[in-house]
Amino acid sequence: MTNWSKRIATLMAATATMVGVSLGTGAGTAAAAPRLTYQSSWYQSGKSVVVYMYADGKYAGYVNWNADPVGYDPGDALQAMDDGADGWGIEGRVSSPGWLIREASTQGHPSPYTTQWQTGNLDEGSKYDLDVCLVKGSERVCLYDYFRVTA
């Protein structure tokens, strides 16, 4: 091997070592956001849904959209429940393009915590997007555009 080839090989080995060191130490003390998974349970002929949320496989809480009144629970209503003392809150948002219709969030409350129903009459049969999130400070881990609900 020529001197020039040896120099290039040495430079490449040193570069690879430094890249490996920087990748191994780059994250510092910041904790990674959890992986959000869910199970959903639809009712009222597919107009309403409860979305059970899991952070890294552990049950965290739920978001419930209730289209029509059931017993004491109101219709056109959104509720969030945080059941995981993991520092992450639960949030649900019902919207149509450009408009936030309902929001229920447990952020800032100790777990376990269930929000009041967020209500108000909506046009019967109107369709909305339901987004569900884990929230912590300014961090959000969300499922956007997964759920289409009806008033």
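Note that residues are indexed from 1 along each chain, following the sequence as it is written. Local features are withheld for residues below a pLDDT of 70 in this predicted model, meaning they are given only at 70 or higher, and side-chain atom pairs are given and counted only at 80 or more; totals for whole chains, interfaces and linings count all residues. For side-chain calculations, the full set of non-hydrogen atoms in the structure is used, while hydrogens and water are omitted.

### Topic: the pairing of strand 6 (residues 99-105)
Paired strands, in this sense, are two strands between which DSSP finds at least two bridges. Secondary structure counts use DSSP, requiring at least four H or I residues in a row for a helix and at least two E residues in a row for a strand, with both numbered from the N terminus. Pairing analysis gives six bridges linking strand 5 (residues 89-96) to strand 6, with the strands arranged antiparallel. Looking at the pairing, Ser96 lines up with Trp99 of strand 6. Between strand 5 and the antiparallel strand that follows it, strand 6, lie two residues; Gly98 among them carries a positive phi value of about 85°.

### Considerations on the state of the cysteines
Throughout, disulfides are identified as pairs of cysteine sulfur atoms within 2.5 Å of each other. In the structure shown here, the tally under the stated rule is one disulfide. Between Cys133 and Cys142 runs a disulfide, and the two sulfur atoms are separated by 2.1 Å. Linking Cys133 and Cys142, the disulfide has an S-S dihedral of approximately 110° and is accordingly described as right-handed. The buried label applies to any residue whose accessible area, calculated with a 1.4 Å probe on protein chains only, is under 20% of its type's maximum; exposed applies above 50%, and partly exposed to all values in between. When its relative accessible area of 2% is taken as the criterion, Cys133 is described as buried.

### Some thoughts on the sheet that holds strand 1 (residues 36-43)
Reading across from one edge, 1-2-3-4-7 is the order of the five strands in this open sheet, with antiparallel pairing throughout. Two strands in the sheet have a free side with no partner beyond their single neighbour: strand 1 and strand 7 (113-114). Sheet topology note: the strand 4 (residues 77-82)/strand 7 ladder contains two bridges and is antiparallel. Opposite Met81, over in strand 7, you have Thr114 as the bridge partner.

### Some thoughts on the environment of Pro110
Secondary-structure assignment places Pro110 in the loop between strand 6 and strand 7. Residue class for Pro110 comes out exposed when judged on its relative accessible area of 64%. For Pro110 and Ala85, which are 25 residues apart along the polypeptide, the C-alpha to C-alpha distance reads 7.5 Å.

### Looking at the pattern of salt bridges
When a carboxyl oxygen of Asp or Glu is within 4 Å of a side-chain nitrogen of Lys or Arg, the pair counts as a salt bridge. Under the definition given, this model contains six salt bridges. Linking Glu91 and Arg93 is a salt bridge whose minimum nitrogen-to-oxygen distance equals 3.3 Å. Judged by its relative accessible area of 4%, Glu91 is buried. The residue Asp129 makes a salt bridge to Arg148 at a minimum N-O spacing of 3.1 Å. Residue Asp129 is located in strand 8 (residues 127-136), and its partner Arg148 is located in strand 9 (residues 139-150); the two are separated by 19 residues in the primary sequence. Using a relative accessible area of 44% as the deciding quantity, one classes Arg148 as partly exposed. Salt bridges sharing partners connect three or more residues here, namely Glu91, Arg93, Glu103 and Arg140.

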